[in-house]
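Chain by chain, the residues:
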Amino acid sequence: MNVGIDHDTAEFAGESIRRWDNHLGKELYPNAKDLFITADGGGSNGSRNRLWKFCLQEFADESGLTIHVSHFPPGTSKWNKIEHRLFNHISMNWKGQPLTSLDVIIHLIGHTTSSTGLKVYAMEDHNTYQTKRKINNEQLDSLNIVRNDLLGKWNYKISPRNMHN
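### Observations concerning the sheet that holds strand β6 (residues 155-158)
Here is step 1 of the chain: The four strands lie next to each other as β2-β3-β6-β5, forming an open sheet whose pairing is mixed. Here the strands that pair on one side only, and so sit at the sheet edges, are β2 (34-39) and β5 (145-147). Within this sheet the neighbouring strands show an average axis-to-axis angle of 20°, counted without direction.
Here is step 2 of the chain: Two elements, β5 and β6, share three bridges in a ladder whose sense is antiparallel. Within β6, the position partnered with isoleucine 145 by the bridge is isoleucine 158.

Put into structure tokens, the structure is as follows:
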């Protein structure tokens, strides 16, 4: 889990994916060519957020991974079972603990486990993220994005720019 101390922006969401890949993804899946992401329908990683897609393109270019994204339709993020299972265990782990500092929060999140094998990794993100950053039409047109035939505004893939779709 990437714990930020600045703004929840699309760049923060993209950096969270990059950190996961650098710290766990490459080690656990060294031969991966694709990454599948489920995301909320709105907010920093929303289906209409141009900067989110731009950040994913940057990550795809740098990692060589094709990023497949499926967004939960608006108002349905409560169906994200992974998120609810994760936060349930984190909440239970820090229940009754005074959250007196960021170090305490990182420690409690990072020591969350479950009897079924869940192990949570947590790190602090010291980056500063600019708010209201805009992606213009030219930048948007530069994305190597292919929308799925089924609900393409919520389901798409972004391939590295040096690859053909």
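### A few points about the packing of aromatic side chains
Here is step 1 of the chain: Following the criterion strictly, the structure yields two aromatic pairs and no others.
Here is step 2 of the chain: Their ring planes at 75° and their centres at 5.7 Å tell us that phenylalanine 12 and tyrosine 129 sit as a pair that is edge-to-face. Here phenylalanine 12, found in helix α1 (residues 10-28), pairs with tyrosine 129, found in the loop between β4 (123-125) and α5 (137-141); they are 117 residues apart in sequence, far enough to count as distant. In this structure, phenylalanine 12 and tyrosine 129 share a single accessibility class: buried.
Here is step 3 of the chain: Here tryptophan 20 and tyrosine 29 contribute two aromatic rings whose centre-to-centre distance is 6.4 Å and whose plane-to-plane angle is 35°, an arrangement assigned as tilted.
Here is step 4 of the chain: Tryptophan 20 gets classed as partly exposed once you look at its relative accessible area, which sits at 31%.
Here is step 5 of the chain: Positioned over the ring face of tyrosine 121 is lysine 119, at 5.2 Å from the centre of the ring.

### Quick notes on the environment of glycine 25
Here is step 1 of the chain: Of note, glycine 25 is situated in helix α1.
Here is step 2 of the chain: C-alpha separation for the pair glycine 25 and histidine 71, spaced 46 residues apart in sequence, amounts to 21 Å.
Here is step 3 of the chain: Residue contacts for glycine 25: discarding those within four places in its chain leaves Trp20 and Pro30.

### Quick look at the packing of α1 against helix α2 (residues 50-63)
Here is step 1 of the chain: Relative to each other, α1 and α2 sit at 25°, their axes nearing to 8 Å. Comparing the axis directions of α1 and α2 gives the class roughly parallel. For the pair α1 and α2, the crossing hand works out as right-handed. Together, Ala10, Glu11, Ala13, Gly14, Ile17, Arg18 and Asp21 of α1 and Leu51, Trp52, Cys55, Leu56, Glu58, Phe59, Glu62 and Ser63 of α2 make up the contact between the two elements.
Here is step 2 of the chain: Taken together, the residues of the contact of α1 with α2 sort by class into eight nonpolar, two polar and five charged.

### Quick word on the pattern of salt bridges
Here is step 1 of the chain: Counting across every chain of the model gives six salt bridges.
Here is step 2 of the chain: Note that glutamate 15 is salt-bridged to arginine 18, the shortest N-O span being 3.0 Å. With a gap of three residues between them, glutamate 15 and arginine 18 both fall in helix α1, about one helical turn apart. Neither residue differs from the other here; glutamate 15 and arginine 18 are each classed as buried.
Here is step 3 of the chain: One salt bridge in this structure joins aspartate 61 and arginine 161, with 2.6 Å as the shortest N-O distance. On the criterion of sequence distance, the pair formed by aspartate 61 in helix α2 and arginine 161 in the segment after β6 is long-range, its members being 100 residues apart.
Here is step 4 of the chain: Its relative accessible area of 31% is what places aspartate 61 among the partly exposed residues.

So, how was this worked out
- Residues numbered from 1 in each chain as written.
- Predicted model: local features only at pLDDT ≥ 70, side-chain atom pairs only at ≥ 80, totals over all residues.
- Heavy atoms only, no water.
- Pairing = 2+ DSSP bridges.
- Helix = DSSP H or I, 4+ residues; strand = E, 2+ residues; numbered from the N terminus.
- Axes fitted to C-alpha atoms, helices over the stretch in contact; angles between N-to-C directions.
- Phe/Tyr/Trp six-rings, centres within 6.5 Å; stacked < 30°, edge-to-face > 60°.
- Buried < 20%, exposed > 50% of the residue type's maximum accessible area, 1.4 Å probe, protein only.
- Lys NZ or Arg CZ within 6 Å of the ring centre and 35° of its normal.
- Contact = heavy atoms within 4.5 Å.
- Parallel < 35°, antiparallel > 145°, perpendicular 65-115°, else oblique.
- Left-handed = near helix turned anticlockwise from the far one by under 90°.
- Nonpolar A, V, L, I, M, F, W, Y, C, P; charged D, E, K, R; others polar.
- Salt bridge = Lys/Arg side-chain N within 4 Å of Asp/Glu carboxyl O.

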